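What the coordinates show
Okay, here's what each chain looks like letter by letter:
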Amino acid sequence: MGYTKEDILRIAKENNVEFIRLQFTDIFGQLKNVAISDIQLEKVLDDGAMFDGSSIEGFVRINESDMYLKPDYDTFTILPWKAGVARLICDVYSDRDTPFAGDPRYIFRKAIKEAADMGYTFNVGPECEFFLFELDENGNPTTKTADVAGYFDMGPADQGEQCRRDVCLALQEMGYMIEASHHEVAEGQHEIDFRFAEALDAADKVVTFKHVVKTYARRHGLHATFMPKPVFGINGSGMHTNMSLMKDGKNAFYDPDDKYGLSKTAYHFIAGLLAHVKGIAAVSNPLVNSYKRLVPGYEAPVYISWSASNRSALIRVPAARGMGTRVELRCPDPSCNPYLEMALCLAAGLDGIKKGMEAPEGITKNIFEMSADELKENGIESLPGSLSDALDEFEADPFIKEALGEHIYEKYLEGKRKEWDDYRTKVSQWEIGEYLTKY
């Protein structure tokens, strides 16, 4: 897009923009913002805006709280649903000149720079699924839906069709290229796919997408959730992450002479992902609830393998070749922080390339139908079975700390260990129903 300061000031004036939201995320991917008026816009574009970082999860202590938000000009967008309001996504700085080591966007920028230093551009196409649920009489979210539709169904069975349409129109107005939108497998479940983009733009788009979906759901009297597994017994929501590397204007993953049409670079990238995915899971699948989705039987991949042909593998290579050659990691879910998730995926793939890691043979059989002995024979391991297990793998892989930096590594681990302990010590309704009268 390439906006200049003058472009932003002109567009804001022409569209009567009165307020601008300066957006950023905490380390867990929660969207935050500081609002300024149009009178302050020029000053903030020049110098950034000071804010209190001590109140943000995983940022800084109260005695070092003064931080700065520096707008990324290219992210300037007028919000379609709110007259006179625009937004800018910001990078977080510790002072006016020093990027903050705890800013997820900064961590991703570092990984992108490493790729650029190796001659690569990283493209990402995320596929975000979500649920639309009804509100109760007090306006609180439920897990009920009047939607009885299934995969690709249409209205009137698809009660979320109009909401999904409005989301797509809003996203297009904000510059997204919508490639597909449809009802997903489970009742109340939806997916909207937008065109792949260069890495940082793709992560920005995921954060914005979730905000837009939640906003329009509420306007339709519904609640949108990106919780991975809100309802037992039906499919959960994933965020399949499609990735490719470009070099010298060509797709670095493509080799027409290979039996699968894949280059050595692609195989090394896949090998790097497979080598580090257990530790990455704590970020790509960051909730206690994430591991309720990652169980056999609901299309979610749990077996660490890759395939050029079937969807039961953790990593799939879709059929497109040439410029469309890409690698799809199928375990991430949309509750993750996309900056950290994509940063780790890129760093893992680059690690595979730098070290010349060899990918195992691709699996052609349906892994979901393999016995325990067959899995063992093929050397197929499983993803961690719980957030606690994932955090153990996160700690066990030195690559993770190197890729995230010490600040985010320590703060992330601390926050997630606390989340697990909180869950572990709570008494659930299942326990009450199972044990209260029996014992």
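Everything that follows concerns the structure shown earlier in this document.
Read on for a plain summary of the structure.

**Looking at the overall build of the protein**
Looking only at helices and strands, the protein has 13 helices and 18 strands in total. Taking 2.2 N^0.38 as the reference for a compact globule, 439 residues should give roughly 22 Å; the C-alpha atoms of the protein span a radius of gyration of 22 Å, in line with that estimate. In the protein, which comprises 439 residues, the proportion classed as buried is 54%. For the protein, contacts bridging at least 24 residues in sequence account for 69% of all contacts bridging at least 6. Put simply, the protein shows about 20200 Å² of open surface, and 49% of that area lies on carbon and sulfur atoms. One finds the centroid of the 49 positive side-chain charges in the protein at a distance of 1 Å from the centroid of its 70 negative side-chain charges.

**Notes on unusual backbone geometry**
A positive phi angle, near 55 degrees, is found at Asn16, a position not held by glycine. One can find Asn16 in the loop between helix 1 (5–14) and strand 1 (19–25). Phi angles above zero are rare outside glycine, and Asp248 is one such case at about 55 degrees. Its place among the elements puts Asp248 in the loop between strand 12 (239–247) and strand 13 (250–251).

**Describing the packing of helix 3 (residues 104–117) against helix 8 (residues 338–354)**
In the contact formed by helix 3 and helix 8, the axes pass within 9 Å of each other and the chain directions differ by 25 degrees. Between helix 3 and helix 8, the angle is such that the two are roughly parallel. Taken as a pair, helix 3 and helix 8 cross one another with a handedness that is left-handed. Taken together, the residues of helix 8 that come into contact with helix 3 (itself represented by Pro104, Arg105, Ile107, Phe108, Ala111, Ile112, Glu114 and Ala115) are Tyr339, Leu340, Met342, Ala343, Leu346, Leu350 and Lys354.

**What to know about empty space enclosed by the protein**
Taken as a whole and judged by the stated rule, the model has 1 cavity of 30 Å³ or more. In this structure, the largest cavity occupies an estimated 40 Å³ of space. What lines the largest cavity is simply Phe24, Thr25, Ile89, Cys90, Asp103, Arg105 and Tyr339. Elements that contribute at least two residues to the lining of the largest cavity include exactly strand 1 and strand 6 (85–93). Its residues assigned to classes, the lining of the largest cavity comprises 4 nonpolar, 1 polar and 2 charged.

**Considering helix 12 (residues 406–425)**
In this model helix 12 runs 28 Å from its N-terminal to its C-terminal C-alpha over 20 residues, within 8% of the 28 Å that 1.5 Å per residue would give. Residues of helix 12 that are buried include every one of Ile408, Tyr409, Tyr412, Leu413, Gly415, Lys416 and Trp420, and no others. Lining the buried residues of helix 12 we find helix 3, helix 6 (264–284), helix 8, helix 10 (387–396) and helix 11 (398–404).

The rules we used
Residues numbered from 1 in each chain as written. Predicted model: local features only at pLDDT ≥ 70, side-chain atom pairs only at ≥ 80, totals over all residues. Heavy atoms only, no water. Helix = DSSP H or I, 4+ residues; strand = E, 2+ residues; numbered from the N terminus. Rg over C-alpha atoms; globule rule 2.2 N^0.38 Å. Buried < 20%, exposed > 50% of the residue type's maximum accessible area, 1.4 Å probe, protein only. Contact = heavy atoms within 4.5 Å. Areas by Shrake-Rupley, 256 points an atom, 1.4 Å probe, with all protein chains shown as cover. Lys, Arg positive; Asp, Glu negative; His and termini not counted. Charge placed at Lys NZ, Arg CZ, Asp CG, Glu CD. Axes fitted to C-alpha atoms, helices over the stretch in contact; angles between N-to-C directions. Parallel < 35°, antiparallel > 145°, perpendicular 65-115°, else oblique. Left-handed = near helix turned anticlockwise from the far one by under 90°. 1 Å grid on protein atoms, 1.4 Å probe; cavity = no way out; pocket = protein on both sides within 12 Å on 5 of 7 lines; lining within 4 Å. Points joined across faces, edges and corners; volume = space filled by probe spheres on them. Nonpolar A, V, L, I, M, F, W, Y, C, P; charged D, E, K, R; others polar. Expected span 1.5 Å × (residues − 1).

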